[in-house]
Amino acid sequence: NAGVTQTPKFRVLKTGQSMTLLCAQDMNHEYMYWYRQDPGMGLRLIHYSVGEGTTAKGEVPDGYNVSRLKKQNFLLGLESAAPSQTSVYFCASRLTGAREQYFGPGTRLTVT
Amino acid sequence: QQQVKQSPQSLIVQKGGISIINCAYENTAFDYFPWYQQFPGKGPALLIAIRPDVSEKKEGRFTISFNKSAKQFSLHIMDSQPGDSATYFCAATLNQAGTALIFGKGTTLSVSS
């Protein structure tokens with residue numbers, strides 16, 4: 001099993017550009033999450049999904065959109081990137097009834 | 001409002017020493033308290049976790065101590081090794097559908113040889 005994978009690993013955007021980050025998991029997990037990690041801030045939840053076709057807002061959802069069209073994939077979109085969205089983005093997933101979240105390797109995004 | 005407070009921000013320990021990282025939480029409904037370890041350029045990985053019905057959990061050199069009345073929990077790393085140098089995050093969560101982890105801000109541990 002590959003676990004949780006994220007694409008791309010690195011990306012540089014200019015202010016106002018858009019992009020989509022892809023998270024994929026092969027563990028048949030129902031729950032999927034998008035976090036951002038900033039220096040000295042820990043990880044903060046952006047959006048999450050409790051199953052295919054469902055999404056919900058987390059702590060810092062502004063400027064992001066998500067979609068969960070397939071159970072194994074969770075997409076994070078930035079419609080108009082801003083420098084404040086420069087961060088490392090992590091995807092995680094977990095099985096219903098289990099408490100452990102499995103994290104992907106992250107995507108480092110820089111917005112200039 | 002920060003629901004999980006972690007200290008210290010950074011820690012330097014000599015090889016063979018004991019590393020101690022502390023966390024305090026506010027929400028008494030939290031019922032699962034994991035610690036994650038993160039190496040540079042990698043995603044966080046679960047290290048050890050505890051539920052509030054026990055006061056201590058040990059896995060190898062890693063121990064969680066939990067004080068429910070004080071709303072505090074800590075990670076102890078015995079016989080610290082250079083390979084333990086990483087960032088450690090405490091977290092807490094509720095047993096509710098969709099609830100995510102609430103993370104502390106992290107502690108960067110450096111173990112000197």
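One can find the structure itself at the top, above this paragraph.
Being a predicted model, the structure only gives us computed values, none of them experimental.

1. Observations concerning the packing of aromatic side chains
In total, this model carries 18 aromatic pairs over all chains according to the counting rule given. With a centroid separation of 6.3 Å and an interplanar angle of 35°, the aromatic rings of Phe-66 of chain B and Phe-73 of chain B are classed as tilted. On the accessibility criterion, Phe-73 of chain B (2% relative accessible area) is buried. Members of the aromatic cluster, joined through ring pairs, are Tyr-33, Tyr-35, Tyr-48 and Phe-103 of chain A together with Tyr-36, Phe-89 and Phe-103 of chain B. Cation over ring: Arg-94 of chain A sits above Tyr-31 of chain A, and NZ or CZ is 4.0 Å from the ring centre.

2. Quick word on the sheet that holds strand β3 (residues 19–25) of chain A
Paired through backbone hydrogen bonds, the strands of a sheet run either parallel or antiparallel to each other. Residues and elements named next belong to chain A. Spatial strand order, β1-β3-β8-β7: four strands in an open sheet with antiparallel pairing. Of all strands in the sheet, those bounded by a partner on one side alone are β1 (4–7) and β7 (64–67). Within this sheet the neighbouring strands show an average axis-to-axis angle of 20°, counted without direction. Direction of pairing for β1 relative to β3: antiparallel, over a ladder of four bridges. Note that in β3 the partner of Thr-7 across the bridge is Leu-22.

3. Some words on the state of the cysteines
In the structure shown here, the tally under the stated rule is two disulfides over all chains. Between the sulfur atoms of Cys-23 of chain A and its disulfide mate Cys-91 of chain A the distance is 1.9 Å. Measuring handedness by torsion sign, the sulfur bridge of Cys-23 of chain A and Cys-91 of chain A sits at about -75° and is left-handed. With a gap of 68 residues between them, Cys-23 of chain A in strand β3 and Cys-91 of chain A in strand β9 (residues 87–94) connect regions that are remote in the sequence. Residue Cys-91 of chain A is classed as buried on the basis of its relative accessible area of 0%. Two residues, Cys-23 of chain B and Cys-90 of chain B, share a disulfide whose sulfurs are 1.8 Å apart. Of note, the bridge from Cys-23 of chain B to Cys-90 of chain B carries an S-S torsion of about -90° and is left-handed in sense. Residue Cys-23 of chain B is located in strand β3 (residues 19–25), and its partner Cys-90 of chain B is located in strand β9 (residues 86–92); the two are separated by 67 residues in the primary sequence.

Thresholds applied
Numbers given for residues are sequential positions, taken from 1 along each chain in its written order. A letter from A marks each chain and a number from 1 marks each ligand, given out in the order of writing. In keeping with the predicted nature of the model, local features appear solely for residues at pLDDT of at least 70, side-chain atom pairs appear and are counted solely at 80 or more, and the whole-chain, interface and lining totals rest on all residues. As a rule here, side-chain values cover all heavy atoms of the structure and leave hydrogens and water aside. Any pair of Phe, Tyr and Trp rings, taking the six-membered ring for Trp, is counted once the centres come within 6.5 Å. Such a pair is stacked with planes under 30 degrees apart, edge-to-face with planes over 60 apart, and tilted for the rest. Only protein chains enter the accessibility calculation, which uses a 1.4 Å probe; a residue is then buried when its area is under 20% of its type maximum, exposed when over 50%, and partly exposed in between. Throughout this description, the term charge over a ring refers to an Arg CZ or Lys NZ atom that lies within 6 Å of the ring centre and within 35 degrees of the ring normal. Two strands make a pair as long as DSSP finds a minimum of two bridges between them. Numbering of helices and strands runs from the N terminus, with a helix taken as a DSSP run of H or I at least four residues long and a strand as a DSSP run of E at least two residues long. Simply put, an axis is a line fit to the C-alpha atoms, just over the touching stretch for a helix, and the angle between two N-to-C directions goes from 0 to 180 degrees. Note on terminology: disulfide denotes any pair of cysteine sulfur atoms within 2.5 Å.

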